[in-house]
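Reading the structure
Chain residues, written in single-letter form:
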Amino acid sequence: MRASPSRRGFLSGALATVVARPALAQTSPRVVVIGGGFAGATCARAVRDHGAAVTLVEPSATYTACPFSNEVIAGLRPLEAQQFGYDAVRRDGVAVAAQAATSVDPQARQVTLAGGSTLDYDRLVLAPGIDLRFDALPGYDEEASKALPHAWKAGEQTLLLRRQLEAMDDGGTVIIVAPANPFRCPPGPYERASLIAHYLKTRKPRSKLLILDAKDNFSKQGLFQAAWKALYPGMIEWVALSAGGKVVRIDAASKTLVTEFGDHKAQVANVIPPQRAGGIAQVAGAADRSGWCPIDPVTFESKLQPNVHVIGDACIAGGMPKSAFSANAQAKVCATAVAALLRGAVPPAPKLINTCYSLVAPDYGISVAGVYRPANGVLTDVEGAGGVSPANAPPDFRALEARYAEAWFRTITAEVFG
Ligand SMILES: Cc1cc2nc3c(=O)[nH]c(=O)nc-3n(C[C@H](O)[C@H](O)[C@H](O)COP(=O)(O)OP(=O)(O)OC[C@H]3O[C@@H](n4cnc5c(N)ncnc54)[C@H](O)[C@@H]3O)c2cc1C
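Below: a short report on this structure. Bear in mind that the values here come from a model prediction, so they are computed numbers and not experimental data. (Residues numbered from 1 in each chain as written. Predicted model: local features only at pLDDT ≥ 70, side-chain atom pairs only at ≥ 80, totals over all residues. Heavy atoms only, no water.)

**Here we look at the site of the ligand**
If you check the shell around the ligand, you find 33 residues, and the closest are Glu58, Tyr63, Arg184, Asp313 and Ala324. Measuring from an oxygen atom of the ligand, one finds a backbone N or O atom of phenylalanine 38 at 3.2 Å. Between the ligand and the protein, one listed contact pairs a nitrogen atom with a backbone N or O atom of alanine 101 at 2.9 Å. Burial of the ligand by the surrounding chains reaches 91%, relative to a free accessible area of 1000 Å². Contributing elements (two or more residues each) for the shell around the ligand: helix 3 (38–49), helix 4 (69–73) and helix 10 (324–343). Counting residues per element, the shell around the ligand draws most heavily on helix 10, at 3 residues. In terms of residue class, the shell around the ligand is built from 20 nonpolar, 8 polar and 5 charged. (Near = heavy atom within 4 Å. Polar contact = N/O pair within 3.5 Å; in protein donor to acceptor, adjacent residues only side chain to side chain. Areas by Shrake-Rupley, 256 points an atom, 1.4 Å probe, with all protein chains shown as cover. Helix = DSSP H or I, 4+ residues; strand = E, 2+ residues; numbered from the N terminus. Nonpolar A, V, L, I, M, F, W, Y, C, P; charged D, E, K, R; others polar.)

Okay, structure coming up:
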């Protein structure tokens with residue numbers, strides 16, 4: 001149970017600033033949050049705790065979480081363990097509009113929903129996550145993803161990749177195509193490679209896994225590669241950008257991945273394409289030419305649209321990776337800033353934390369942590385804070401980190417959706 005929101009708490013602040021913002025003292029300010037993922041659901045509840053009237057716009061009745069979805073692909077966990085509803089969010093006093101937002105008018109401060117109705121706002125928070133760029137990799141579009149799953153939005157795609165691995169013969173080649181930065185969950189493709197290798201080692205040991213990468217280094221690289229050598233010797237091959245790893249074209253019918261250095265044929269191909277901020281952020285005019293949304297690092301207010309904030313994977317968060325942990329932390333900072341701005345107060349400068357756990361095997365976890373603060377208009381690493389798991393840790397240390405990872409997932413999903 002969470003404490004009930006204190007409308008009085010918000011209004012007492014509003015009354016203190018009645019001269020600056022007289023209109024807001026008359027009625028409860030209206031905040032609209034688009035997207036009910038780790039960022040949006042957290043933010044809606046936190047803004048409500050500050051006493052504002054909040055509407056969360058989210059078309060899906062069930063949210064399917066990506067963290068731990070690699071375990072579903074490896075057969076270690078059912079998809080249902082990833083799924084959460086919005087009843088607790090509603091019980092907190094957040095109105096949930098179960099439709100997609102189709103447009104935003106930042107001048108009129110109005111959101112239009114798929115059904116045609118509109119929502120007025122004083123402040124809007126965009127938390128739509130990512131769109132997969134089906135225009136970025138020749139030969140790979142939404143249709144092709146039905147044969148070569150991305151599984152980068154959890155749900156049916158996760159199960160499709162799982163079923164393809166189950167159907168593959170022992171001795172087959174699995175290929176993961178990994179994108180250039182920035183993208184959702186920097187360690188994700190390598191955790192996925194590890195857990196698929198775990199499945200292959202135990203069920204189809206003559207198989208191989210190839211990672212074709214559009215970059216020359218990746219998150220927790222030393223730890224992953226040392227673990228692959230120890231746990232899956234000879235099974236995983238990583239091909240860096242400079243070694244010809246960048247896929248430039250895909251022939252979906254024959255599952256052939258074309259690089260400038262040659263062709264690779266897969267029995268199972270997992271193509272993780274380039275990404276950008278979710279479509280509504282583009283429609284709202286909050287994304288720049290990179291496809292992502294520049295924000296003020298103190299308030300998460302858009303640098304392109306006034307009274308619009310962007311959090312989670314969709315925003316450009318400087319050194320912070322696109323993770324559920326980051327999304328949750330950004331959402332709380334943003335909610336505090338929105339409440340302060342609605343009162344006419346100055347939002348405090350935040351410090352944010354991120355920790356990304358990855359499982360290399362069910363009892364082998366590794367992590368990377370960082371602390372971030374605003375500096376020179378962006379979120380910057382606090383030097384000397386954070387770091388990665390030690391290189392030569394004993395097995396019981398790795399097993400403990402695996403337990404920490406599971407505990408983190410239980411805790412964050414209970415906080416956001418429970
Ligand atoms: C395989 C994998 C493993 C991962 N593992 C981890 C991990 O171990 N730890 C970690 O911290 N992170 C992990 N992540 C990353 C994490 O899933 C994302 O960073 C996180 O989900 C971002 O949260 P978000 O709220 O920004 O976006 P999302 O979770 O994608 O939520 C966005 C929501 O917005 C909604 N939406 C979109 N458009 C609209 C619209 N127009 N109108 C209304 N609603 C809309 C969507 O339906 C969705 O519910 C992993 C990701 C993957 C793919």
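From this point on, the discussion continues.
**Some details on the sheet that holds strand 6 (residues 101–105)**
The antiparallel open sheet is built from 3 strands, whose spatial order is 6-7-8. Looking at which strands have only one partner, the edges of the open sheet turn out to be strand 6 and strand 8 (118–120). Ignoring strand direction, the axes of neighbouring strands in this sheet form an average angle of 20°. (Pairing = 2+ DSSP bridges. Axes fitted to C-alpha atoms, helices over the stretch in contact; angles between N-to-C directions.)

**Here we look at the packing of helix 10 against helix 11 (residues 395–417)**
One can describe the packing of helix 10 onto helix 11 by two numbers: an axis separation of 11 Å at closest approach and a directional angle of 35°. In this structure, helix 10 meets helix 11 at a crossing whose hand is left-handed. Where helix 10 approaches helix 11, its residues Ala324, Phe325, Asn328 and Lys332 are matched on the opposing element by Trp408, Ile412, Glu415 and Val416. In terms of residue class, the contact of helix 10 with helix 11 is built from 5 nonpolar, 1 polar and 2 charged. (Left-handed = near helix turned anticlockwise from the far one by under 90°. Contact = heavy atoms within 4.5 Å.)

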